[in-house]
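Spelled out, the chains give:
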Amino acid sequence: MNKVYKFFLSSLLAIILLFAAKTLIVGNGQISDSNTLYLYNWGDYIDPDLIDKFEEESGYKVVMETYDSNEAMITKIKQKSTNFDICIPSEYAVEMMRDQGLLEKLDHSKIVGLDNIDERFLDVAYDPGNEYSIPYLWGTFGIVYNTKKYQESDFSSWKNLWDKKFEGEILSFDGARETLGIGLLANNLSLNTTDPKKLVEVRNELIGFMGNVKAILADEIRMYMALEEANVGITFSGDASSAIESNENLSYTIPKEGSNIWFDTMVIPKTSKNQKAAYAFINFMLEPENAAQNADYIWYATPNKKALDLIDPEARNDKTLYPDDDVIDKLEVFKALDKESTILYNDLFLDLKISPQAE
């Protein structure tokens, strides 16, 4: 009986250990740890010193992975291969993730510092009541240009970009929404237009614009503009500001028709296994001094109004990063498109990229 009893106990212990091991492993070998926060973020999109500070103050260890597009991030969240506790989607991606059931609804009773956020950036169309997201950083989409060759009046309207004087001069951002958006804005249409007929008409008009495009690029635009490899770049305010910091001959403007205002946000995916850590991180980033430090590191605009007095004065006074209210009033947020419209935008953009005028 003693041997049988010992065998029974050892077998039971083995089963318990096996079960415990299985519960510790999540996804592709990821270890689930109540003292760990899994962060999914854009590359170089948080001050590393803030990670160290959060770990020290909260006691949580941060494990971070990065992505280069909202679509790539959403795909990985859907796969549930990693139990991310926080990710940083753009505004239209918040809509998509919410509609696909990928986000936890936020418990505002656990959030401290939401009142630090500028009221203009709360309760917006992509997330009414901020039920799923908290603003992280924001910016605009516009034109950076070399003042040695052009004046701001040369870019008073998006229509001006069709002028042959810009032939071979323009670096244009590699994005379907952004490129079609140039044509939509030039025709005083909404950036969220989904009418196929209007979109095809805009695509046809943009062929003339593409004849002036030297190259279609992404983050590289800021470097090439700073090096004066081109005289006009159509890009985001943060990249424009970075280029301007490197080259005093550059300036940034938004044409009279307005443009896109974008937001990146903090959300808790359904994959989260440590919501306590997730709320701790959100509250940490809502603290004005931390928001200011992050904005100074990334050199994008913070939505945290109490952080504005703490950020680098050069950044605070930079109209590229913080445009006047009359400019903000003319800006429009991208909304999530349905599947058919997304395919159409991508197809029309591809047509433009491979058209002879774009070569």
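Whatever comes next refers back to the structure up there.
Cut-offs and rules
- Residues numbered from 1 in each chain as written.
- Predicted model: local features only at pLDDT ≥ 70, side-chain atom pairs only at ≥ 80, totals over all residues.
- Heavy atoms only, no water.
- Patch = residues over 30% accessible without salt bridge, like charges linked within 9 Å, V, L, I, M, F, W, Y side chains within 5 Å.
- Areas by Shrake-Rupley, 256 points an atom, 1.4 Å probe, with all protein chains shown as cover.
- Salt bridge = Lys/Arg side-chain N within 4 Å of Asp/Glu carboxyl O.
- Lys, Arg positive; Asp, Glu negative; His and termini not counted.
- Charge placed at Lys NZ, Arg CZ, Asp CG, Glu CD.
- Helix = DSSP H or I, 4+ residues; strand = E, 2+ residues; numbered from the N terminus.
- Buried < 20%, exposed > 50% of the residue type's maximum accessible area, 1.4 Å probe, protein only.
- Contact = heavy atoms within 4.5 Å.
- 1 Å grid on protein atoms, 1.4 Å probe; cavity = no way out; pocket = protein on both sides within 12 Å on 5 of 7 lines; lining within 4 Å.
- Points joined across faces, edges and corners; volume = space filled by probe spheres on them.
- Nonpolar A, V, L, I, M, F, W, Y, C, P; charged D, E, K, R; others polar.
- Domains from an automatic or database assignment.
- Pairing = 2+ DSSP bridges.
- Axes fitted to C-alpha atoms, helices over the stretch in contact; angles between N-to-C directions.
- Parallel < 35°, antiparallel > 145°, perpendicular 65-115°, else oblique.
- Left-handed = near helix turned anticlockwise from the far one by under 90°.
- Phe/Tyr/Trp six-rings, centres within 6.5 Å; stacked < 30°, edge-to-face > 60°.
- Lys NZ or Arg CZ within 6 Å of the ring centre and 35° of its normal.

1. So, a negative patch on the surface
Okay, so step 1: A cluster of acidic side chains, namely Asp-49, Asp-52, Glu-56, Glu-57 and Glu-289, defines a negative patch on the protein surface.
Okay, so step 2: Ranked by residue count, the leading element in the negative patch is helix 2 (residues 48-58), at 4 residues.

2. Comments concerning the environment of Ser-251
Okay, so step 1: Considering the arrangement of structural elements, one finds Ser-251 in strand 10 (residues 250-253).
Okay, so step 2: For Ser-251, a relative accessible area of 23% puts it in the partly exposed group.
Okay, so step 3: Once the C-alpha coordinates of Ser-251 and Tyr-150 are considered, the two residues, 101 residues apart in sequence, prove to be 9.7 Å apart.
Okay, so step 4: Ignoring any residue separated from it by four or fewer positions in sequence, one finds Ser-251 in contact with Ile-143, Val-144, Tyr-145, Thr-147 and Ile-244.

3. Brief notes about the layout of surface pockets
Okay, so step 1: One number sums up the size of the largest pocket: a volume of about 1,400 Å³.
Okay, so step 2: The wall of the largest pocket is formed by 47 residues, among which Trp-42, Asp-68, Asn-70, Phe-173 and Phe-236 lie closest to the centre.
Okay, so step 3: Contributions of two or more residues to the lining of the largest pocket are made by helix 3 (70-79), helix 4 (91-99), helix 5 (176-186), helix 8 (237-246), strand 11 (259-266), helix 10 (288-298) and helix 13 (339-354).
Okay, so step 4: Grouping the constituent residues of the lining of the largest pocket by class yields 21 nonpolar, 12 polar and 14 charged.
Okay, so step 5: The residues that make up the lining of the largest pocket include at least three from each of domain 1 (36-138 + 263-322) and domain 2 (139-261 + 334-354).
Okay, so step 6: A volume near 220 Å³ is recorded for the second largest pocket.

4. Notes on the pairing of strand 9 (residues 232-236)
Okay, so step 1: Most of strand 9 sits out of view: 5 of its 5 residues are buried.
Okay, so step 2: Strand direction decides the pairing type here: strand 6 (residues 134-146) and strand 9, joined by 5 bridges, are antiparallel. Note that in strand 9 the partner of Val-144 across the bridge is Gly-233.
Okay, so step 3: Of the pairings in the sheet, the one linking strand 7 (residues 170-173) to strand 9 comprises 3 bridges and is parallel in character. By the bridge assignment, Ser-172 is partnered in strand 9 with Ile-234.

5. A few points about the packing of helix 3 against helix 4
Okay, so step 1: As a packed pair, helix 3 and helix 4 sit with axes 10 Å apart at the nearest point and diverge in direction by 25°. In terms of their interaxial angle, helix 3 and helix 4 are classed as roughly parallel. Handedness of the crossing formed by helix 3 with helix 4: right-handed. In this structure, helix 3 uses Asn-70, Glu-71, Met-73, Ile-74 and Ile-77 to contact helix 4, whose residues at the interface are Tyr-92, Ala-93, Met-96 and Met-97.
Okay, so step 2: Of the residues assigned to the contact of helix 3 with helix 4, the class counts are 7 nonpolar, 1 polar and 1 charged.

6. Topic: the packing of aromatic side chains
Okay, so step 1: The final tally for this structure, using the stated rule, is 22 aromatic pairs.
Okay, so step 2: Consider the rings of Tyr-45 and Tyr-300, whose centres lie 6.3 Å apart with planes at 85°: the pair is edge-to-face. Highlighted residues: Tyr-45 in the loop between strand 3 (36-42) and helix 2 and Tyr-300 in the loop between helix 10 and helix 11 (313-316), separated in sequence by 255 residues. Taken as a pair, Tyr-45 and Tyr-300 share a single burial class, namely buried.
Okay, so step 3: An aromatic cluster of three or more residues is present, and its members are Tyr-45, Tyr-136, Phe-141, Phe-173, Phe-236, Trp-262 and Tyr-300.
Okay, so step 4: Above the ring of Tyr-345, the side-chain terminus of Arg-177 is found at 5.5 Å from the ring centroid.
Okay, so step 5: Just above the ring of Tyr-322 sits the side chain of Arg-316; from NZ or CZ to the centre is 5.2 Å.

7. Focus on the pattern of salt bridges
Okay, so step 1: For the structure on display, the rule yields 13 salt bridges.
Okay, so step 2: A salt bridge links Asp-239 to Arg-222; the nearest nitrogen and oxygen atoms lie 2.9 Å apart. Taken together, the positions of Asp-239 in helix 8 and Arg-222 in helix 7 (residues 220-226) put the pair 17 residues apart, joining distant regions of the chain.
Okay, so step 3: A relative accessible area of 3% means that Asp-239 is categorised as buried.

8. Concerning unusual backbone geometry
Okay, so step 1: Positioned with a positive phi, Asp-123 is a non-glycine residue whose angle comes to about 55°.
Okay, so step 2: Here Asp-123 is to be found in the loop between helix 4 and strand 6.
Okay, so step 3: The exposed category is assigned to Asp-123, whose relative accessible area is 52%.
Okay, so step 4: One non-glycine residue with positive phi stands out, namely Glu-228, at about 60°.

9. Things to note about empty space enclosed by the protein
Okay, so step 1: The full count for this structure, using the stated rule, is 2 cavities of 30 Å³ or more.
Okay, so step 2: Quantified by volume, the largest cavity comes out at close to 90 Å³.
Okay, so step 3: The wall of the largest cavity is formed by 13 residues, among which Pro-135, Tyr-136, Met-285, Ala-291 and Thr-302 lie closest to the centre.
Okay, so step 4: Of all the secondary-structure elements, those providing two or more residues to the lining of the largest cavity are strand 6, helix 9 (275-286) and helix 10.
Okay, so step 5: Split into classes, the residues belonging to the lining of the largest cavity amount to 10 nonpolar, 3 polar and no charged.
Okay, so step 6: In this model, the second largest cavity occupies a volume close to 30 Å³.
Okay, so step 7: Phe-141, Arg-177, Glu-178, Gly-181, Ile-182, Leu-185, Leu-191, Ser-259, Asn-260 and Phe-334 together form the lining of the second largest cavity.
Okay, so step 8: At 5 residues, the largest contribution of residues to the lining of the second largest cavity is made by helix 5.
Okay, so step 9: A breakdown of the residues in the lining of the second largest cavity according to their chemical character gives 5 nonpolar, 3 polar and 2 charged.

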